[in-house]
Amino acid sequence: MKTLRWVIMIPLAIIAMMLGSLFSGIIFSIFGNQIAVDSSSAFFGCFALVFIAGFIAPVKRSNTALIFACVVFLLALVSLVASFATSIEGFADRSTIQKILIPVSQILGALYAAFLLPPLITPGTLLEQIWKEINTLGIVVILFGILISIGGLVARIFVTTWAGATIGLGVIILGISTWLFPFAHVFLCMRKLTATMTKTDHKSKN
């Protein structure tokens, strides 16, 4: 059974990537924006690839997800370089923002999958541990956004575009939102609990 799972892991992960990319692209096409379609397809496609690969692996599932995430990272860098340094069709003909945003979205999708998979597949994982993992993910995404912003500001010296800095700022905002998510969840749960207790107390008095 373990051998079979190793054999089917890569084909199923690739199929998951294609389906994730396809369905996310269809959903985001309602905005009528090709950039939204391309970036969402890149994010959810790579997320599905890494997550499913780690999920199917019979052993060392977290390490497997991390390896696939590293592969996505390297391929995204190759895509970025090919977009700016070559005249290969499909890369060089992208807009400046697409040249940066698509590889960044691919890396982000792989990052989110690599961080979210381990606590979800580990038996006995507490909600607090999941929130801790999400907090760490948020910090990593913020640092990634800062790195992109710095690169974008440096690139601004040589080219007349703020695309890199703008995308970096967007990634920082995404990272902050991710980091804040557990706190927001606790806050909402506390509000719900308070409202329930108040309602119960009011009924008991009546």
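Residues numbered from 1 in each chain as written. Predicted model: local features only at pLDDT ≥ 70, side-chain atom pairs only at ≥ 80, totals over all residues. Heavy atoms only, no water.

Chemist: What is the right way to read the layout of surface pockets from this model?
Modeler: Here the largest pocket defines a volume of roughly 430 Å³. In terms of lining residues, the largest pocket is bounded by 19 residues, among which Leu80, Ile100, Ile148, Gly151 and Gly152 are the most central. Ranked by the residues each element gives to the lining of the largest pocket, the list is headed by helix H5 (residues 127-158), at 6 residues. Taken together, the residues of the lining of the largest pocket break down into 14 nonpolar, 5 polar and no charged. (1 Å grid on protein atoms, 1.4 Å probe; cavity = no way out; pocket = protein on both sides within 12 Å on 5 of 7 lines; lining within 4 Å. Points joined across faces, edges and corners; volume = space filled by probe spheres on them. Helix = DSSP H or I, 4+ residues; strand = E, 2+ residues; numbered from the N terminus. Nonpolar A, V, L, I, M, F, W, Y, C, P; charged D, E, K, R; others polar.)

Chemist: Any chance you could explain the nonpolar core here in plain terms?
Modeler: Among soluble globular proteins, nonpolar side chains are generally buried collectively. Counting 18 residues, the largest nonpolar core has Met9, Val50, Phe68 and Val72 as the members making the most contacts within it. Secondary structure elements with two or more residues in this core: helix H1 (2-28), helix H2 (34-56), helix H3 (61-85) and helix H4 (96-121). Tallying contributions element by element places H2 first for this core, with 6 residues. The next biggest cluster of nonpolar side chains, apart from the first, holds 17 residues, and it includes Phe43, Val104, Leu111 and Val171. (Core = buried A, V, L, I, M, F, W, Y, C linked by side-chain atoms within 4.5 Å. Buried < 20%, exposed > 50% of the residue type's maximum accessible area, 1.4 Å probe, protein only.)

Chemist: Teacher, can you tell me more about the side chain of Asn135 here?
Modeler: Here Asn135 shows up in helix H5. A relative accessible area of 16% means that Asn135 is categorised as buried. For Asn135, the side chain forms a polar contact with the main-chain oxygen of Trp179, separated by 2.8 Å. (Polar contact = N/O pair within 3.5 Å; in protein donor to acceptor, adjacent residues only side chain to side chain.)

Chemist: Just to check I follow, could you spell out the packing of H2 against H3 for this structure?
Modeler: How two helices sit against one another is set out by the angle between their axes and by the gap between those axes. Contact pair H2 / H3: the axes reach a minimum separation of 7 Å and the direction vectors enclose 150°. Between H2 and H3, the angle is such that the two are roughly antiparallel. Relative to H3, the crossing made by H2 is right-handed. Side by side, H2 and H3 meet where Cys46, Leu49, Val50, Ala53, Gly54 and Phe55 of the first sit next to Arg61, Thr64, Ala65, Phe68, Ala69 and Val72 of the second. (Axes fitted to C-alpha atoms, helices over the stretch in contact; angles between N-to-C directions. Parallel < 35°, antiparallel > 145°, perpendicular 65-115°, else oblique. Left-handed = near helix turned anticlockwise from the far one by under 90°. Contact = heavy atoms within 4.5 Å.)

Chemist: What exactly am I supposed to notice about a nonpolar patch on the surface here?
Modeler: Together, Ile139, Leu143, Ile146, Ile150, Val154, Ile157, Phe158, Val159, Ile176, Trp179, Leu180 and Phe183 make up an exposed nonpolar region whose accessible area comes to about 1100 Å². For the nonpolar patch, the secondary structure elements donating two or more residues are H5 and helix H6 (163-205). With 7 residues, the single largest contributor to the nonpolar patch is H5. As for its position among the elements, Val159 is in the loop between H5 and H6. Owing to a relative accessible area of 40%, Val159 belongs among the partly exposed residues under this scheme. (Patch = residues over 30% accessible without salt bridge, like charges linked within 9 Å, V, L, I, M, F, W, Y side chains within 5 Å. Areas by Shrake-Rupley, 256 points an atom, 1.4 Å probe, with all protein chains shown as cover. Salt bridge = Lys/Arg side-chain N within 4 Å of Asp/Glu carboxyl O.)

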